[in-house]
Amino acid sequence: MLTLVLAESALETVPVQVLSHPEVQSWARQTGLNPRFTLLDRSYHHHAMKGLEASEKRGRPDIVHLALLGVLETPLNMEDMLRVYVHTAQNLVLEVNPRVRLPRNYLRFKGLIEQLFQQGRVPPKPEGEALLTLRNQTLKALLDELKPDLAVGLTREGKPVTLTKLAQGLVKAGKPVVVVGGFPKGRFTDETKTVLHQTYCIDPAPLEAWVVASRLVYAVEKALGIEEKRLRTLKA
């Protein structure tokens, strides 16, 4: 079982400091949404974000969308061997049900996450099994809850290693967790680094989070022999 955490993700509602900014108000009127429950998005709020702290790491919900699409439809998840969490820079944790089918369309995804930020759960109670849940939780508290025997962070500051070799080590661990940055640029905070057992670099180039996540899942599938296992069912 692999647990993947998108950490410090650029996923948040519009912060109170910029709620009254004309750009935020204009987008809220266009969408018919209360600006308090609108996702911060650099595509629509670029000028409003300029004064925000660490603005270069914020306002990119598309990163989470693409990363989740890239890992949830994989054979590893189909085999019930993947768990995914999204930790945000504001210390919220989004828990993803492995059976969720996320919208492919970005605007529909945004609408779903905006509903999640309002309700704390999708679908809202009591409408069946939760597919997405949101709670206040730090990355440290999440890892304390998961109790991994190996917590690895992927960053260009880490020790160089091929994904093949890393995956081989992960499958030998009992409860591995891999942490990938869910932000567009920058580095993990010191707070994040302190909860990791080891950090690794898998490429000298700054790869996008969804590329790292999908390649990681595939490498783990290869290490577990999932390709061969699933193809054998066609011959039976």
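That block above? That's the structure.
Here's a quick rundown of the structure.

Each value, and the rule that gives it
- Throughout this description, residue numbers start from 1 for each chain and increase along the sequence as written.
- This being a predicted model, a pLDDT of at least 70 is required before a residue's local features are given, and a value of 80 or more before pairs of side-chain atoms are given or counted; all residues contribute to the totals for chains, interfaces and linings.
- Side-chain metrics rest on all non-hydrogen atoms present in the structure, leaving aside hydrogens and water.
- Within 6.5 Å between ring centres, the rings of Phe, Tyr and Trp (the latter by its six-membered ring) count as paired, and their orientation is classed by plane angle as stacked under 30 degrees, edge-to-face over 60, tilted in between.
- Each helix corresponds to a stretch of at least 4 residues labelled H or I by DSSP, and each strand to a stretch of at least 2 residues labelled E; elements are numbered beginning at the N terminus.
- Exposure classes here rest on a 1.4 Å probe applied to the protein chains alone. A residue is buried below 20% of its type maximum, exposed above 50%, and partly exposed in between.
- The criterion for strand pairing is that DSSP finds at least two bridges linking the strands in question.
- Angles shown run from 0 to 180 degrees and are taken between the N-to-C directions of axes, each axis being a line fitted to C-alpha atoms and, for helices, limited to the stretch in contact.
- Whether a crossing is left-handed or right-handed is set by the direction in which the near helix is turned from the far one by less than a right angle, anticlockwise for left-handed and clockwise for right-handed.
- A contact between two residues is defined here by any heavy atoms of the two lying within 4.5 Å.
- Residues are grouped as follows: Ala, Val, Leu, Ile, Met, Phe, Trp, Tyr, Cys and Pro are nonpolar; Asp, Glu, Lys and Arg are charged; every other residue, Gly included, is polar.
- Salt bridges are identified by distance alone: a Lys or Arg side-chain nitrogen within 4 Å of an Asp or Glu carboxyl oxygen.
- Orientation labels follow simple angle bins: below 35 degrees gives roughly parallel, above 145 gives roughly antiparallel, 65 to 115 gives roughly perpendicular, and whatever is left gives oblique.
- Side-chain atoms within 4.5 Å link the members of a nonpolar core, which is a set of buried Ala, Val, Leu, Ile, Met, Phe, Trp, Tyr and Cys residues.

### Some points on the packing of aromatic side chains
Aromatic ring pairs are defined here through the distance separating the ring centres and the angle between the ring planes.
So, point 1. As enumerated under the stated definition, the model contains 2 aromatic pairs in all.
So, point 2. Relative to Tyr44, the ring of Trp27 has its centre 3.8 Å away and its plane inclined at 10 degrees; by these criteria the two rings are stacked. Residue Trp27 is located in helix α1 (residues 22-31), and its partner Tyr44 is located in helix α2 (residues 42-49); the two are separated by 17 residues in the primary sequence.
So, point 3. For Trp27, a relative accessible area of 15% corresponds to the buried category.

### Section: the pairing of strand β2 (residues 82-88)
So, point 1. Where burial is concerned, most of β2 is hidden: 6 out of the 7 residues are buried.
So, point 2. Two strands pair when backbone bridges link them, and strand β1 (residues 2-9) and β2 are joined in this way by 6 bridges, in the parallel orientation. Bridge pairing in β2 places Val5 opposite Tyr85.
So, point 3. Across 4 bridges, β2 lies against strand β3 (residues 92-96) in antiparallel orientation. Counted as the bridge partner of His87 is Val93 from β3.

### Notes on the packing of helix α7 (residues 163-172) against helix α9 (residues 209-224)
So, point 1. Put simply, α7 and α9 touch, their axes get as near as 8 Å, and they point 60 degrees apart. Between α7 and α9 lies a crossing of right-handed hand. Counted together, Leu163, Ala167, Gln168, Leu170 and Val171 of α7 and Arg215, Leu216, Ala219, Val220, Ala223 and Leu224 of α9 form the full contact between these two elements.
So, point 2. Residue composition of the contact of α7 with α9, by class: 9 nonpolar, 1 polar and 1 charged.

### Some remarks on unusual backbone geometry
So, point 1. Look at the link from Val122 to Pro123: it is a cis peptide, with omega at -10 degrees.
So, point 2. Its location among the elements puts Pro123 in the loop between β4 (121-122) and β5 (132-136).
So, point 3. Its identity is not glycine, yet Asp80 carries a phi of approximately 60 degrees, on the positive side.
So, point 4. Secondary-structure assignment places Asp80 in the loop between α4 (75-78) and β2.

### Observations concerning the pattern of salt bridges
So, point 1. Enumeration over the complete set of coordinates arrives at 17 salt bridges.
So, point 2. Note that Arg83 and Asp80 form a salt bridge whose closest N and O atoms lie 2.9 Å from each other.
So, point 3. Residue classification places Asp80 among the partly exposed positions, given a relative accessible area of 41%.
So, point 4. Bridged by salt links that share partners, the residues Glu157, Arg187, Asp190 and Lys193 form one connected network.

### Some thoughts on the packing of helix α3 (residues 61-72) against α9
So, point 1. Their axes nearest at 8 Å, the elements α3 and α9 cross at an angle of 15 degrees. The angle between the axes of α3 and α9 places the two elements in the roughly parallel class. Every pair of crossing elements has a handedness; the one defined by α3 and α9 is right-handed. For the pair formed by α3 and α9, the contact residues are Ile63, Leu66, Ala67, Gly70 and Val71 on the first element and Ala209, Trp210, Ala213, Ser214 and Val217 on the second.
So, point 2. Class assignment of the residues belonging to the contact of α3 with α9 gives a composition of 8 nonpolar, 2 polar and no charged.

### Quick look at the nonpolar core
So, point 1. Of all hydrophobic cores here, the largest spans 47 residues; its most connected members are Leu68, Leu94, Ile113, Leu132, Leu154 and Leu166.
So, point 2. Per-element tally for this core: the top contributor is α9, with 7 residues.
So, point 3. Core analysis: the second largest hydrophobic core is formed by 15 residues, Val5, Tyr85, Leu142 and Val179 among them.

### A word on the sheet that holds β5
So, point 1. The 8 strands lie next to each other as β4-β5-β3-β2-β1-β7-β6-β8, forming an open sheet whose pairing is mixed. If you trace the sheet from one side to the other, it starts and ends with β4 and β8 (198-201), each paired once.
So, point 2. Across the sheet, helix α5 (residues 106-119) is in contact with β3, β4 and β5; its angle to β5 comes to roughly 50 degrees.
So, point 3. Docked against the sheet, α7 engages β1, β6 (150-160), β7 (176-181) and β8, running at close to 165 degrees with respect to β6.

### What to know about the side chain of Gln137
So, point 1. When you line up the elements, Gln137 lands in the loop between β5 and α6 (139-146).
So, point 2. Relative accessible area serves as the criterion here: at 11%, Gln137 is assigned to the buried category.
So, point 3. The contact partners of Gln137, leaving out residues within four places of it in the chain, are His87, Asn91, Leu92, Val93, Leu142 and Glu145.

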